[in-house]
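Coordinates in review
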Amino acid sequence: MTLTVLGVESSCDDTGAALVRLANGRAEILSNIVADQSELHAPFGGVVPELAARAHAEKLDLCVAEALAQSGLTLADVDAIAVTAGPGLIGGVMSGVMCAKGLSAATGLPLVGVNHLAGHALTPRLTDQLAFPYLMLLVSGGHCQLLIAEGPEDFTRLGGTIDDAPGEAFDKTARLLGLPQPGGPSVEKEARDGNAARFAFPRPLLDRPGCDMSFSGLKTALLRQRDKLVADQEGLTRQDRADLCAGFQAAVSDVLREKTRRAIETYLEQDPKTPALAVAGGVAANQSMRAALQALCDEMGLRFTAPPLALCTDNAAMIAYAGAERFLAGARDGLDLSARPRWPLDQANAGILGGGRKGPKA
Ligand code: KG4
Ligand code: ZN
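What comes next concerns the included structure. Note that this is a predicted model, so its numbers are computed, not measured.

What follows deals with the coordination of the zinc ion (ligand 2). Within the protein, the zinc ion (ligand 2) binds to His116 (NE2), His120 (NE2), His143 (NE2) and Asp314 (OD); these donor distances fall in the range 2.1 to 2.4 Å. Its four donor atoms give the zinc ion (ligand 2) angles of 89 to 162° at the centre, a pattern that matches the irregular case. Every donor residue of the zinc ion (ligand 2) comes from the same chain, spaced as H-x3-H-x22-H-x170-D. Placement of His143 in the loop between β6 (134-139) and β7 (144-151) and of Asp314 in the loop between α10 (309-312) and α11 (317-328) is noted, with a sequence separation of 171 residues between them. By the burial criterion, His143 is buried, and Asp314 matches it.

Looking at the secondary structure, you find Glu188 in helix α6 (residues 183-191). From its side chain, Glu188 meets the backbone nitrogen of Gln287 in a polar contact 2.7 Å long. Excluding its chain neighbours within four sequence positions, the residues that come into contact with Glu188 are Gln249, Ala285, Asn286, Gln287 and Ser288.

This part takes up the packing of aromatic side chains. The geometry of two aromatic rings is summed up by the distance between their centres and the angle between their planes. Applying the stated criterion to the full structure yields two aromatic pairs. Ring geometry for Phe132 against Tyr134: centres 5.8 Å apart, planes inclined by 10°, an arrangement best described as stacked. Residue class for Phe132 comes out partly exposed when judged on its relative accessible area of 23%. Its guanidinium or amino end placed over the ring of Phe327, Arg332 lies 3.6 Å from that ring's centre, counting from NZ or CZ.

The five strands lie next to each other as β8-β7-β6-β9-β10, forming an open sheet whose pairing is mixed. Across the chains shown, the open sheet's two edge strands, defined by having one partner strand only, are β8 (154-160) and β10 (303-305). Pairs of neighbouring strands in the sheet enclose a mean axial angle of 20°, with direction left out of account. Pairing geometry for β6 and β7, over six bridges, is antiparallel. Looking at the pairing, Val139 lines up with Cys144 of β7.

What counts as what
Residues numbered from 1 in each chain as written. Chains lettered and ligands numbered in written order. Predicted model: local features only at pLDDT ≥ 70, side-chain atom pairs only at ≥ 80, totals over all residues. Heavy atoms only, no water. Donors = N, O, S within 2.8 Å, 3.2 Å for Na, K, Ca; no water. Tetrahedral: all angles 85-135°; square planar, octahedral: opposite > 155°, others 65-115°. Helix = DSSP H or I, 4+ residues; strand = E, 2+ residues; numbered from the N terminus. Buried < 20%, exposed > 50% of the residue type's maximum accessible area, 1.4 Å probe, protein only. Polar contact = N/O pair within 3.5 Å; in protein donor to acceptor, adjacent residues only side chain to side chain. Contact = heavy atoms within 4.5 Å. Phe/Tyr/Trp six-rings, centres within 6.5 Å; stacked < 30°, edge-to-face > 60°. Lys NZ or Arg CZ within 6 Å of the ring centre and 35° of its normal. Pairing = 2+ DSSP bridges. Axes fitted to C-alpha atoms, helices over the stretch in contact; angles between N-to-C directions.

Structure (structure tokens):
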């Protein structure tokens, strides 16, 4: 049995279209097109929702055409259309949903709405065939959650940020230190030459039980240290900047490691046959985070997987794959499918505040 799914993604600042084929239990990415909007938003220092929605509307059909062309397929070869129906910036999500509905109405192909977070959370099944249940740490500029993935639509949320997402904290830190965006890679690069112990950064919420996290205080701590240095010596040296970056990065890494350790304890209570932790999201590119999580998994007897970066960040292949899993489970949506700005993966344990510069996501 083969199943070929066209995926469409437009929930934030990347327009995506992809073709994924499932054959004999294996998934293959036939094409994965991402049109990046970062230049469009760069002058504003963040994503401008109205600009994003318009750019998605302009690019979606081009991306779909390119995804088909690269895979050598036509819509006649496609079995279903999967589209991100939320959560995300509502104008962008609507652009994608309208595009997918138009294609579905014109071709008669079934339509499947996908939760963007499920797309991220199911990626390790696409890349590494991970068996349920596995633990997922989703850390990006817009997301921060610890989830147990038990089925294609079955997630238990153990915790997440109550304010900023970690990537957002990296981006703000870079801005405060005059480093280029996106902040994660710039801060990581500076931190390489830094002394993490020079400045005292807090480890927020470590004194409280559970897996919830907070990152906004770190940015405030950094701002104070920076202002103190500027007041004392009229500016920052390269070494000051490197030490601030190293201290900040070590604090984020410690918080993620400890909260993930607690989540692993809860997850292992389920006695999974093949225990595994997967990470996804742009922050998963950070080498010190990866090393900390790898060491934790080695210690606690889990397999550690991190999908390649192109599949960690927003893309349509993950949406096509999650759509394929939903489709196989019998899910179908009609032309009344609606775009949702908020859509927690786990309704029972949705975060109180959720978090991320891109608005409350989950
Ligand atoms: O997943 P992503 O591309 O987009 C969403 O936020 O949805 O993640 C981008 C975020 C940015 O905040 C960026 O600064 C952060 O991931 N990031 C990193 C690194 N590379 C990207 N953070 C820390 N270290 C990195 N090497
Ligand atoms: Zn995302």
